[in-house]
Amino acid sequence: MPPGALGDPSDVEREAGVARLFELHYSSMLRLAVLLGADDPENVVAEAYYQIYRKWRRLRDAEAAEAYLRSTVCNLTRMRIRHLQVARRHVEIPAVEEPVASAESTALLHDDQRVLIGALQQLPARQREALVLRHWLGLKESEIAAAMGISCGSVKTHTARGLAALTQAMEARR
């Protein structure tokens with residue numbers, strides 16, 4: 001077989017590693033993309049898995065794959081939101097339509113969470129990311145800092161400001 005064929009032991013290891021990662025973490029990565037505000041969370045997560053598949057050989061530790069995947073989902077979501085903001089500024093929209101959530105997104109969110117998600121979506125992106133990573137995924141400050149590419153002090157600031165704004169928004173809706 002040629003060196004790039006699936007018979008290569010490193011390719012077999014990569015295939016198995018990515019498949020295992022998919023089985024264990026797909027739904028949590030999809031949930032993360034939804035909570036961060038991705039308009040197409042399935043595509044964001046698929047792209048993140050593609051990125052980790054491409055870079056599998058460069059991972060120093062296969063155990064770090066989940067953290068790399070989580071960071072990639074955060075970055076791709078952030079880039080997608082920025083891209084859409086720029087694109088929407090340059091496109092004339094005839095009528096404001098409500099976004100339609102995908103079936104997967106709808107299944108992930110219960111009715112009692114919709115109000116919270118709406119308030120969460122109104123937060124600035126960094127505050128939203130810090131809160132989602134801390135309270136939904138239960139990450140430590142150092143893990144959040146690594147995923148967001150910021151310092152631990154900035155994580156504390158974004159989390160505190162986000163919680164304050166979220167609390168204020170939720171109280172205003174009551």
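Observations regarding the overall build of the chain
Item 1. Counting secondary structure elements, the chain contains eight helices and zero strands.
Item 2. The secondary structure elements of the chain, listed N-terminal to C-terminal, are α-α-α-α-α-α-α-α.
Item 3. Of all 174 residues assigned to the chain, the portion counted as buried reaches 34%.
Item 4. Put simply, of all contacts in the chain between residues at least 6 apart along the chain, 66% involve residues at least 24 apart.
Item 5. Put simply, the chain shows about 10,900 Å² of open surface, and 54% of that area lies on carbon and sulfur atoms.

Side note on the confidence of the model for the chain
Item 1. Mean pLDDT for the chain: 82, with 83% of residues reaching 70 or above.
Item 2. For the chain, the element scoring lowest by mean pLDDT is helix H4 (residues 103–108), at 66; helix H2 (residues 41–54) scores highest, at 93.

Topic: the nonpolar core
Item 1. Formed by 35 residues in total, the largest nonpolar core has its most connected members in Leu 32, Tyr 49, Leu 120 and Leu 133.
Item 2. Within the residue set of this core, elements represented by two or more residues are helix H1 (9–36), H2, helix H3 (65–89), helix H5 (111–121), helix H6 (125–136), helix H7 (141–148) and helix H8 (152–173).
Item 3. Top element by residues in this core is H1. It accounts for eight residues.

Some remarks on the pattern of salt bridges
Item 1. Applying the stated criterion across every chain yields a total of seven salt bridges.
Item 2. The salt bridge partner of Arg 80 is Asp 39, with a shortest N-O separation of 3.3 Å. Taken together, the residues span a long stretch of sequence, with Arg 80 in helix H3 and Asp 39 in the loop between H1 and H2 at a distance of 41 residues.
Item 3. Exposure remark for Arg 80: the relative accessible area of 27% places this residue in the partly exposed category.
Item 4. Judged by relative accessible area, Asp 39 falls into the partly exposed class, the value being 43%.
Item 5. Where Glu 129 meets Arg 78, a salt bridge forms, and the shortest distance between an N and an O atom there is 2.6 Å. With a gap of 51 residues between them, Glu 129 in helix H6 and Arg 78 in helix H3 connect regions that are remote in the sequence. We note that Glu 129, like Arg 78, is buried.
Item 6. Salt bridges here are not isolated pairs; linked through shared partners, they connect Asp 11, Arg 14 and Arg 57.

Let's talk about H3
Item 1. The terminal C-alpha atoms of H3 lie 36 Å apart, and with 25 residues this matches the ideal 36 Å at 1.5 Å per residue to within 8%.
Item 2. Turning to H3, its buried residues are Ala 65, Leu 69, Arg 70, Ser 71, Thr 72, Val 73, Cys 74, Leu 76, Thr 77, Arg 78, Ile 81 and Leu 84.
Item 3. In the core, the buried residues of H3 are packed alongside H1, H2, H6 and H7.

A word on the packing of aromatic side chains
Item 1. With the rule as written, the count across this model stands at three aromatic pairs.
Item 2. Residues Phe 22 and Tyr 26 carry aromatic rings whose centres are separated by 4.8 Å and whose planes lie at 35° to one another, so their mutual orientation is tilted. One end of the pair, Phe 22, and the other, Tyr 26, are both in helix H1, four residues apart, so they sit about a helical turn from each other.
Item 3. Overall, Phe 22 belongs to the partly exposed group, its relative accessible area being 42%.
Item 4. When its relative accessible area of 24% is taken as the criterion, Tyr 26 is described as partly exposed.
Item 5. Measuring from centroid to centroid gives 6.5 Å for Tyr 26 and Tyr 49, while their planes differ by 35°, and the two rings are tilted.

Re H1
For an α-helix, 3.6 residues make a turn, and residues three or four places apart therefore share a direction.
Item 1. Maximum bend of H1: about 60°, positioned at His 25.
Item 2. Of the residues one or two after H1, Gly 37 is the one with positive phi, at around 100°.

The rules behind these values
- The residue numbering used here restarts from 1 in each chain and proceeds along that chain's sequence as written.
- The model is predicted, so local features are restricted to residues of pLDDT at least 70 and side-chain atom pairs to those at 80 or more, both for listing and for counting; the totals for chains, interfaces and linings are taken over all residues.
- Just so you know, side-chain values use all the structure's heavy atoms and leave hydrogens and water out.
- Strands are runs of DSSP state E lasting at least two residues, helices are runs of H or I lasting at least four, and both sets are numbered from the N terminus onward.
- Accessibility here uses a 1.4 Å probe with only protein chains present; expressed as a share of the type maximum, an area under 20% marks a residue as buried, one over 50% as exposed, and anything in between as partly exposed.
- Residue contacts are defined here by distance: any two heavy atoms, one from each residue, within 4.5 Å place the two residues in contact.
- To be clear on the numbers: accessible area is Shrake-Rupley with a 1.4 Å probe, and residue cover counts the displayed protein chains and nothing else.
- Every residue carries a pLDDT, the predictor's confidence in it, which falls somewhere between 0 and 100.
- To form a nonpolar core, buried Ala, Val, Leu, Ile, Met, Phe, Trp, Tyr and Cys residues must be joined to one another through side-chain atoms within 4.5 Å.
- For this document, the term salt bridge refers to a Lys or Arg side-chain nitrogen within 4 Å of an Asp or Glu carboxyl oxygen.
- Take the number of residues in a helix, subtract one, and multiply by 1.5 Å to get its expected span.
- Stacked, tilted and edge-to-face are the three classes applied to pairs of Phe, Tyr and Trp rings, where Trp contributes its six-membered ring and a pair requires centres within 6.5 Å; stacked means planes under 30 degrees apart, edge-to-face means over 60, and tilted covers the rest.
- The bend at a residue is defined as the angle formed between two axes, one fitted to the seven residues ending at that residue and one fitted to the seven starting there.

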